[in-house]
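# Architecture at a glance
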Amino acid sequence: MSRARVDVANGPAEDPSPPPNLNFTKPFLDRANAKLIGEFTARFESVAIHFSELKGEIRIGMTTSYNGLALTGTKGGAAFDKLCFPPLCRKGLPSRYVIGHELMHLVQSKDGSIPLTERSCDIFTLARLPASLLDHPPLYLRMPREVRAAWNSPAFHRELAEAAHLLAIEAMVTRKENARYISWWERRFSEKAARIIGGR
Ligand SMILES: [Zn+2]
């Protein structure tokens, strides 16, 4: 386990920079209220502090087609990062996990060492976020339906989230030696989750 790879998991820990500035689009603001925007900002920042390589401004827009959407590019010669979420008044706050997954897409777009697939985005997000922020199961990784259903149950959530987080770190740091690190995670997590849910 080399030091450099662990740093990828935890973000550049030596940099105590504040979370990125949020710049909301009008459609997003129009479908929220001040209380929801305040709650969204607090939740977003609680996740974004684990992505200290993302500096500057993130534009927050609205999507009605996805649970979350990450966009990067340039406009007028300036680079921009934009994340879109469903309207807060209608859907409530996005989960911390979905926010983390979309932030990891922004990291993917800047860090050429991270594979650009959805499933690797899930692995890197699970590895990056502490278990306490894994309030939703990974979006694209396969897991048995009963495990997905049990993810947020008070009896199992903490153990499932911790197992998912620790196995994701292991999968990520060994991926150079194990090209099938994603299916490795899926298999190992399913075995572990079956033991957690089965009480063994
Ligand atoms: Zn995604």
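Residues numbered from 1 in each chain as written. Predicted model: local features only at pLDDT ≥ 70, side-chain atom pairs only at ≥ 80, totals over all residues.

### Thoughts on the packing of helix α8 (residues 157-173) against helix α9 (residues 181-198)
Here is the rule we go by: Lines fitted to C-alpha atoms define the axes, with helix axes restricted to the stretch in contact, and inter-axis angles between N-to-C directions lie between 0 and 180 degrees. In DSSP terms, a helix is any run of H or I states spanning at least four residues, a strand is any run of E spanning at least two, and both are numbered starting from the N terminus. To sort the angles, those under 35 degrees are grouped as roughly parallel, those over 145 as roughly antiparallel, those from 65 to 115 as roughly perpendicular, and the leftovers as oblique. Each crossing gets its handedness from the near helix: less than a right angle anticlockwise from the far helix is left-handed, clockwise is right-handed. By definition, residues are in contact whenever their C-beta atoms, placed on the basis of the backbone, come within 7 Å of each other. Under the convention adopted here, Pro, Cys and the residues Ala, Val, Leu, Ile, Met, Phe, Trp and Tyr are nonpolar, Asp, Glu, Lys and Arg are charged, and Gly plus all remaining residues are polar.
Packing of α8 against α9 leaves a shortest axis separation of 10 Å and a crossing angle of 155°. Here α8 lies roughly antiparallel to α9, going by the angle between them. Here the hand of the crossing between α8 and α9 comes out right-handed. Mapping the contact onto sequence places Glu159, Leu160, Ala163, Ala164, Leu167, Ala168 and Ala171 in α8 and Tyr181, Ile182, Trp184, Trp185, Arg188, Phe189, Lys192, Ala193 and Ile196 in α9. Of the residues that constitute the contact of α8 with α9, the class distribution is 13 nonpolar, no polar and three charged.

### Considerations on the domain arrangement of the chain
Often, the extent of an interface is quoted as the loss of accessible area upon association of its parts. Using the following cut-off: Throughout the structure description, domain borders are defined by an automatic or database domain assignment.
What the domain assignment reports for the chain is domain 1 (1-114) and domain 2 (117-200). When each unit is reduced to the centre of its C-alpha atoms, the spacing between domain 1 and domain 2 is 22 Å. Contacts between the two partners involve 17 residues from domain 1, matched on the other side by 16 residues from domain 2. Counting only elements with at least two residues in the side of domain 1 that touches domain 2, the list comes to α1 (3-10) and α5 (96-110). Of the residues belonging to the side of domain 1 that touches domain 2, the class tally is eight nonpolar, seven polar and two charged.

### Quick notes on the nonpolar core
For clarity, the threshold we go by: Remark: nonpolar core denotes a set of buried Ala, Val, Leu, Ile, Met, Phe, Trp, Tyr and Cys residues whose joining runs through C-beta atoms within 7 Å. In this scheme the burial state of a residue depends on its C-beta neighbours within 10 Å: 20 or more other such atoms mean buried, 12 or fewer mean exposed, and anything in between means partly exposed; the C-beta positions come from the backbone.
In this structure, Ile123, Ala164, Ala168, Ala171 and Trp185 are the most contacted members of the largest nonpolar core, which totals 41 residues. Those elements that place two or more of their residues in this core are α3 (34-48), β4 (78-85), α5, α6 (118-128), α8 and α9. Ranked by the residues each element gives to this core, the list is headed by α8, at eight residues. Two domains each donate at least three residues to this core, and these are domain 1 (1-114) and domain 2 (117-200). If near-sequence neighbours (up to four positions away) are discounted, Trp185 is found in contact with Ile123, Leu141, Leu167, Ala168 and Ala171.

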